[in-house]
Amino acid sequence: MKKRDTFFVGLMLFSMFFGAGNLIFPPFLGMGAGTSFWPAIIGFIITGVGLPLLVISAIALVKDGGNALGNRVHPWFGAAFTVMVYLSIGPFFGVPRNANVAFEMGFKPFLGNVHASQSLLLLGFTAVFFLLVFLLSLNPSKVVDYMGRIITPTLLLSIVVLCVTGFFKLNKPLQGPNETYQTATLFKGFIDGYSTMDALAALAFGIVILSTIQQKGVTDQKQLTAYTVKAGFVAGGALALVYAGIGFIGARMASYGTFDNGTALLSSAATILLGNGGKILLGFIFTLACFTTCVGLTIACGQYFSKMARKLSYRTVVTLVTVVSFLIANLGLNQIISISVPFLVMAYPLTIVLVTLAFFHRFFGGSQKVYASAMFLTGFVSLYDGLKMFGLKWSLLESLMSQLPFASVGLGWVVPAVVGGLVGFVLEKLSPAPARRKGLNPKRIS
């Protein structure tokens, strides 16, 4: 591969990552953080950019992607965890959320005095939207040309115009942080980064990128890993710059009023900066970003499930994903977000710990006990945190969980994960020598 090929694959990866959550949450964070913007956005970038890059790198190091990582805990866990990830980033949460945001920002503001029910308009928009997603997803080999060479540069140029204009025109001083960002600002930004869903998406996109690079004639494992990591850095660099840019717009906009969410904030900012043209530009950005992400997620689901269930063809899976996504999208954005956020609180810690262990794999000999113990304690804490967001609390358990270090900033799972890993390491050392040798079998841990 030439350097420009790697660059365009990186741009394709950026366009797959950059969807609804990537546009909505950074400006809203900026508005809340105010003068504490930089610590908050750095925390956001750690989980919104750094963690997906680590996942992409970990995927490049193993042969079967997310499944292989999950199998290091247990084959059943590997299968269940990977299916859960693909369903959540695909037809259950990720794709419908992007379609709804594209409707809210790219279509609804231009309806004017059209008298029709919201649900009927959403139905018509999503029908056309998912038909286009379906047609483009049928040819994954051509996606790098469409998205990497045409769509992504157009998207980035549009965002640059908005951010540069905002930098010069929004000149009111930053306000102080609101109550949420007054303490532990970095950690708050870290948790906010969960909402992009990119770390989960990276488990799927890693395979798509590997397949794209292989189609260009690269077969050596070391070269595959190197090109994948380089493409990841291209995507990550672009994401970080965009987050900082639109986040800073949010920080400046706090002096212009209060806003309920990131979409309302950006819509107001675009109108202030560029008038009606700004509203058109923003609608174009949202629609293009959400569309490319939906295509990427649909391709990823199609490749994974058609490989897992041999009787299902790639076309059949893509059809099912687009149909289910279409149906769930018509439930509405608020309903989708209300369910997805608690789920992310449960899933993200497991992903972080699994990927972290992958990079220390050789230091503890790939022991299944280390993986299983760390993931068990992590899962126990994160599961309770997610259920708590659904309103399910137990007073005794709540008092115990609140005593965990970092629990106040949403990271109560960190110490249990470390303790679980150490317990697993000790158990591995205490196990009989034959059992240890069996645990170190490369075929078993790869």
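Residues numbered from 1 in each chain as written. Predicted model: local features only at pLDDT ≥ 70, side-chain atom pairs only at ≥ 80, totals over all residues. Heavy atoms only, no water.

(A) Local environment of the overall build of the protein. Per the secondary structure count, the protein includes 20 helices and 0 strands. At 22 Å, the protein has a C-alpha radius of gyration in line with the 22 Å of a compact globule built from 446 residues. With respect to the principal axes defined by its C-alpha atoms, the protein has extents near 75 × 50 × 40 Å. Counting every position in the protein, which comprises 446 residues, the buried fraction comes to 54%. Expressed as a percentage of contacts within the protein between residues at least 6 apart in sequence, the contacts between residues at least 24 apart total 80%. Roughly 19700 Å² of accessible area belongs to the protein as shown, and the carbon and sulfur atoms make up 67% of that amount. (Helix = DSSP H or I, 4+ residues; strand = E, 2+ residues; numbered from the N terminus. Rg over C-alpha atoms; globule rule 2.2 N^0.38 Å. Buried < 20%, exposed > 50% of the residue type's maximum accessible area, 1.4 Å probe, protein only. Contact = heavy atoms within 4.5 Å. Areas by Shrake-Rupley, 256 points an atom, 1.4 Å probe, with all protein chains shown as cover.)

(B) Inspection of helix H13 (residues 276-308) at higher detail. The end-to-end C-alpha distance of H13, which contains 33 residues, comes to 48 Å, matching closely the 48 Å that a straight helix rising 1.5 Å per residue would cover. Among the 33 residues that make up H13, 24 are buried, leaving the element largely enclosed by the rest of the structure. (Expected span 1.5 Å × (residues − 1).)

(C) Expanded view of the nonpolar core. By size, the foremost hydrophobic cluster in this structure holds 140 residues, and its most contacted members are Phe 14, Phe 18 and Phe 129. It is H13 that contributes the most residues to this core, 16 residues altogether. If we skip the residues at most four places from it in the chain, Phe 18 touches Leu 23, Leu 155, Ile 159, Leu 239, Val 242, Tyr 243, Ala 289, Thr 292 and Thr 293. (Core = buried A, V, L, I, M, F, W, Y, C linked by side-chain atoms within 4.5 Å.)

(D) View of the packing of helix H5 (residues 75-92) against helix H10 (residues 198-214). In the contact formed by H5 and H10, the axes pass within 9 Å of each other and the chain directions differ by 100°. On the basis of their axis angle, the class for H5 and H10 is roughly perpendicular. Across the interface between the two elements, Phe 81, Val 85, Tyr 86, Ser 88 and Ile 89 from H5 touch Leu 200, Ala 201, Leu 203, Ala 204 and Ile 207 from H10. (Axes fitted to C-alpha atoms, helices over the stretch in contact; angles between N-to-C directions. Parallel < 35°, antiparallel > 145°, perpendicular 65-115°, else oblique.)

(E) Structural detail: the packing of aromatic side chains. In this structure the tally under the stated criterion is 24 aromatic pairs. Between Phe 130 and Phe 326 the ring centres are 6.5 Å apart and the planes differ by 80°, which places this aromatic pair in the edge-to-face class. Here Phe 130, found in helix H7 (residues 118-137), pairs with Phe 326, found in helix H14 (residues 314-329); they are 196 residues apart in sequence, far enough to count as distant. On the accessibility criterion, Phe 130 (4% relative accessible area) is buried. Here the aromatic rings of Phe 360 and Phe 363 are separated by 6.2 Å at their centres, their planes lie at 50°, and the arrangement is tilted. A relative accessible area of 54% means that Phe 363 is categorised as exposed. Ring pairs connect the aromatic residues Phe 103, Phe 107, Phe 125, Phe 129, Phe 130, Phe 291 and Phe 326, which therefore count as one cluster. One Lys or Arg, Lys 172, reaches over the ring of Tyr 256 and ends 4.4 Å from the middle of that ring. (Phe/Tyr/Trp six-rings, centres within 6.5 Å; stacked < 30°, edge-to-face > 60°. Lys NZ or Arg CZ within 6 Å of the ring centre and 35° of its normal.)

(F) Representation of unusual backbone geometry within the structure. Its identity is not glycine, yet Ala 184 carries a phi of approximately 50°, on the positive side. As for its placement among the helices and strands, Ala 184 is situated in the loop between helix H8 (143-169) and helix H9 (185-192). Judged by relative accessible area, which is 34%, Ala 184 ranks as partly exposed. If you check the backbone angles, Phe 406 has positive phi at about 70° while not being a glycine. Mapped onto the secondary structure, Phe 406 falls in the loop between helix H17 (395-401) and helix H18 (414-430).

(G) Geometry of the layout of surface pockets. Space inside the largest pocket adds up to approximately 480 Å³. Taken together, 24 residues make up the lining of the largest pocket; nearest its centre are Asp 385, Ala 407, Ser 408, Val 409 and Gly 410. Looking at the lining of the largest pocket, the elements with two or more residues in it are H9, helix H15 (333-359), helix H16 (368-389) and H17. Within the lining of the largest pocket, the residues separate by chemical class into 14 nonpolar, 6 polar and 4 charged. (1 Å grid on protein atoms, 1.4 Å probe; cavity = no way out; pocket = protein on both sides within 12 Å on 5 of 7 lines; lining within 4 Å. Points joined across faces, edges and corners; volume = space filled by probe spheres on them. Nonpolar A, V, L, I, M, F, W, Y, C, P; charged D, E, K, R; others polar.)

(H) How the structure looks around a nonpolar patch on the surface. On the surface, a cluster of nonpolar side chains totalling about 510 Å² of accessible area is made up of Leu 54, Leu 61, Phe 359, Phe 360 and Phe 363. Tracing the chain through its elements places Phe 360 in the loop between H15 and H16. (Patch = residues over 30% accessible without salt bridge, like charges linked within 9 Å, V, L, I, M, F, W, Y side chains within 5 Å. Salt bridge = Lys/Arg side-chain N within 4 Å of Asp/Glu carboxyl O.)

(I) Broad picture of the side chain of Thr 6. Looking at the element boundaries, Thr 6 is found in helix H1 (residues 3-17). With residues near it in sequence (within four places) discarded, Thr 6 still touches Met 1, Tyr 227, Lys 230 and Ala 231.

(J) Examining empty space enclosed by the protein more closely. Counted according to the given criterion, the structure contains 2 cavities of 30 Å³ or more. Size it by volume and the largest cavity reaches roughly 100 Å³. Lining the largest cavity are 17 residues, and of these Asn 98, Thr 196, Asp 198, Thr 293 and Leu 297 sit closest to its centre. Secondary-structure elements contributing two or more residues to the lining of the largest cavity are H1, helix H2 (20-33), helix H6 (94-106), H10 and H13. Of the residues in the lining of the largest cavity, the class split is 8 nonpolar, 7 polar and 2 charged. Estimated volume of the second largest cavity: approximately 40 Å³. For the second largest cavity, the full set of lining residues is Pro 140, Ser 141, Val 208, Ser 211, Thr 212, Gln 215, Ile 299 and Gln 303. For the lining of the second largest cavity, the secondary-structure elements that each account for two or more residues are H10 and H13. Considering every element that reaches the lining of the second largest cavity, the biggest residue donor is H10, with 3 residues. Of the residues belonging to the lining of the second largest cavity, the class tally is 3 nonpolar, 5 polar and no charged.

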